[in-house]
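Here is what each chain is made of, one letter per residue.
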Amino acid sequence: MPKSTWTKLLNTAQITKDFSELPYGLEWRSNTFFIIATVAVGLFCDLFLYGLVVPILPFMLQDRIGLPKDQIQAHVSGLLAAYAASSVVFSPLAGIISDKISTRQGPFLGGLAALLSATVLLFVGQNLATLYVARILQGLSAAVVWSIGLTLCLETVGPENLGTVISFASVGSLAAPAIGGVLYEKSGYTGVFGVGFAVLAVDFIMRVMVIEKKVARKYPGGAKLVDRPPEDDQNDDANEENEEANESQPLLSKSPSQEDEKSFKLSKDQPRLARALPILPCLSHPRLLSALLVALIQATLLGAFDSTITTEAQELFNFTSLESGLLFIPLGIFDLILGPVFGWAVDKYGTKPVAVGAYSWLTIALTLLRLPQAGGKDQIILYSCLLSLCGVGLAAVGAPSIVEAGAVVQKYYEVNPDFFGEEGPYAQLYGLNSMVFSAGLALGPSLAGGLKSAIGYGNMNAVLAGICGATAVVCFFFIGGWPRTLSKGRD
């Protein structure tokens, strides 16, 4: 085989740094749409495999492991928390690594290997230790795919398409519990994990085939094949106060007249740790801390629902895995339907009204969730309707967090370009956001499981409602800046 052909094959497989020969399919493999689709499928796969086992965990613990019923709730919460705790630990590491390496395909594939190992262990595991190891590996994979995947997307198209990617990925968390419950009821573990392995296969093929744009430019003529959208239009739009922008844009570029740049200016004598992790000085801003709090509470609520809906449905209505899985549909479908609407609302009216309104809504919805009691069809309908109300609130709380966090870091980057360097601290921001979100996923099951056992399901929701009410107050004062009415009073 001629050397040039061998080099071309190696480049096609992306296992050599010899850029003398174009790999097969370079143009479409480095295409913007294909890169975005690969990241979206990776995020979808992570959420899908996370949610696929949620409705069958109680039955897995009871039937396969043989746990008594009084221990099932604690271990359901523990398995969900193990996933999240692992992601908390590995998310900042993934963000740091992502900022240091030249190409992100290697870690991206490594995260998929961890996810494959976790799925195999869940499929064959016959004891608690194996299941916990599997969930830890799933958390490791989530840390990699969210930190590195979102950074790869940002480098390709900028922040304006992150909402689209995350909206598609959220379909995985919506569809997986229902699909898992149906498959377990009809075909057992084989059907559930068969679908899981099929999704993994699609994800693997796309991650292997994708070529980053900055890598594609290194090949002869590669720069001509890479279509990079111009950035000038975004900069022009940002300078026009009355111009309508995309989902993430209105808070990402504010003129000095809108916000005091002094609050974003960093001193030049930053400690060594801050220079190694430039995201750390940004954490002194209350808006960024509030944005992270919003993400934490959102994930806490998701973890609470994941850990209690199935067990509560069993206790109240004697539901099977199929029926329990279907209960996740009214909770999650509004994320798919109303997510884009709330994204538009953030763009049009800012993060503050959406965040305050969403958590105020959740305060009421969670309070009402105390109403369902053991009973028949009328109680099932009531429970489903109240879960739908909660789903509306959850659909609204995602966009304000990521847009607000990006806005603050973008402002720091604009005011301190020399400190942050050419790339900025975005990978570290997404790693931090993933860590905080995962902390919420770990806190939610533990908090909800403990409260449910101690004071009952209704009172548990009352506590969560109180947390949402307090979060709405924080959002009113800090998300999107200090309230204008109060600012006038202070002036």
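A.B. asks: In this structure, what is going on with the overall build of the protein? I would like to understand it.
C.D. replies: A count of helical and extended segments in the protein gives 21 helices and zero strands. In the protein, buried positions account for 53% of the 491 residues. For the protein, long-range pairs separated by at least 24 residues make up 81% of all intrachain contacts whose partners lie at least 6 apart in sequence.

A.B. asks: Teacher, can you tell me more about the packing of aromatic side chains here?
C.D. replies: Each aromatic ring pair is summarised here by two numbers: the centre-to-centre distance and the angle between the ring planes. By the definition in use, this model includes eight aromatic pairs. Among the aromatic side chains, those forming a connected cluster through ring pairs are Phe317, Phe319, Tyr383 and Tyr457. Of note, Arg64 hangs over the ring of Tyr189, and the distance from its end group to the ring centre comes to 4.3 Å. Above the plane of the ring of Phe476 lies Lys352, whose end atom (NZ or CZ) is 5.9 Å from the centre.

A.B. asks: Please clarify how helix 6 (residues 105–124) should be interpreted in this entry.
C.D. replies: Side chains three or four residues apart in an α-helix point the same way, a direct result of the helix having 3.6 residues per turn. Given a rise of 1.5 Å per residue, 20 residues ought to cover 28 Å, and the 29 Å separating the end C-alpha atoms of helix 6 matches this to within 8%. Every buried residue of helix 6 is accounted for by Gln105, Phe108, Gly111, Leu112, Ala114, Leu115, Ala118, Thr119 and Leu122.

A.B. asks: I tried to follow the pattern of salt bridges on my own but got confused; where do I start?
C.D. replies: Close approach of charged atoms allows side chains of opposite charge to pair. One pass over the structure, following the stated rule, counts four salt bridges. Ionic pairing is found between Arg287 and Glu404, a salt bridge with its closest N-O pair at 2.7 Å. Placement of the pair is Arg287 in helix 13 (residues 286–317) and Glu404 in helix 17 (residues 377–415), with a sequence separation of 117 residues. Neither Arg287 nor Glu404 differs from the other in exposure class; each is buried. Each of the salt bridges in this network shares a partner with another, and the network as a whole consists of Glu312, Glu315 and Lys452.

A.B. asks: I would appreciate a short explanation of the packing of helix 16 (residues 351–368) against helix 17 in the present structure.
C.D. replies: Relative orientation and spacing of two packed helices are given, respectively, by the angle between their axes and the distance between those axes. At their nearest, the axes of helix 16 and helix 17 sit 8 Å apart, and the two run at 155° to each other. Our classification of the angle between helix 16 and helix 17 gives roughly antiparallel. Classified by chirality, the crossing of helix 17 by helix 16 is left-handed. Contact residues: Thr351, Val354, Ala355, Ala358, Tyr359, Trp361, Leu362, Ala365, Leu366 and Leu368 in helix 16; Leu386, Leu389, Cys390, Val392, Gly393, Leu394, Ala396, Val397, Pro400, Val403 and Glu404 in helix 17. When the residues that make up the contact of helix 16 with helix 17 are grouped by side-chain class, the tally is 18 nonpolar, two polar and one charged.

A.B. asks: Just checking my understanding: could you explain the nonpolar core for this structure?
C.D. replies: Proteins that are soluble and globular tend to have nonpolar side chains buried together. With 121 residues, the main nonpolar core has Leu301, Phe305, Tyr359, Leu366 and Leu369 as its most contacted residues. Here the element with the most residues in this core is helix 17; it accounts for 16 residues. Of all hydrophobic cores here, the second largest spans five residues; its members include Ile211, Val215, Ala216 and Tyr219.

A.B. asks: It is not clear to me how the packing of helix 15 (residues 328–349) against helix 17 should be interpreted in this structure. Could you clarify?
C.D. replies: The interhelical angle for the contact between helix 15 and helix 17, taken along N-to-C directions, is 40°, at an axis separation of 7 Å. In this structure, helix 15 crosses over helix 17, and the sense of that crossing is right-handed. Of the residues in helix 17, those touching helix 15 at Pro330, Leu331, Phe334, Asp335, Leu338, Gly339, Phe342, Gly343 and Val346 are Ser384, Leu387, Ser388, Cys390, Gly391, Val392, Leu394, Ala395, Ala396, Ala399, Pro400 and Val403. Classifying every residue of the contact of helix 15 with helix 17 gives 15 nonpolar, five polar and one charged.

A.B. asks: Please clarify how unusual backbone geometry should be interpreted in this entry.
C.D. replies: Most peptide bonds are trans, and most residues other than glycine sit at a negative phi. For Asn318, which is not glycine, the phi dihedral falls at a positive 55°. With respect to the helices and strands, Asn318 occurs in the loop between helix 13 and helix 14 (321–326).

So, how was this worked out
- Residues numbered from 1 in each chain as written.
- Predicted model: local features only at pLDDT ≥ 70, side-chain atom pairs only at ≥ 80, totals over all residues.
- Heavy atoms only, no water.
- Helix = DSSP H or I, 4+ residues; strand = E, 2+ residues; numbered from the N terminus.
- Buried < 20%, exposed > 50% of the residue type's maximum accessible area, 1.4 Å probe, protein only.
- Contact = heavy atoms within 4.5 Å.
- Phe/Tyr/Trp six-rings, centres within 6.5 Å; stacked < 30°, edge-to-face > 60°.
- Lys NZ or Arg CZ within 6 Å of the ring centre and 35° of its normal.
- Expected span 1.5 Å × (residues − 1).
- Salt bridge = Lys/Arg side-chain N within 4 Å of Asp/Glu carboxyl O.
- Axes fitted to C-alpha atoms, helices over the stretch in contact; angles between N-to-C directions.
- Parallel < 35°, antiparallel > 145°, perpendicular 65-115°, else oblique.
- Left-handed = near helix turned anticlockwise from the far one by under 90°.
- Nonpolar A, V, L, I, M, F, W, Y, C, P; charged D, E, K, R; others polar.
- Core = buried A, V, L, I, M, F, W, Y, C linked by side-chain atoms within 4.5 Å.

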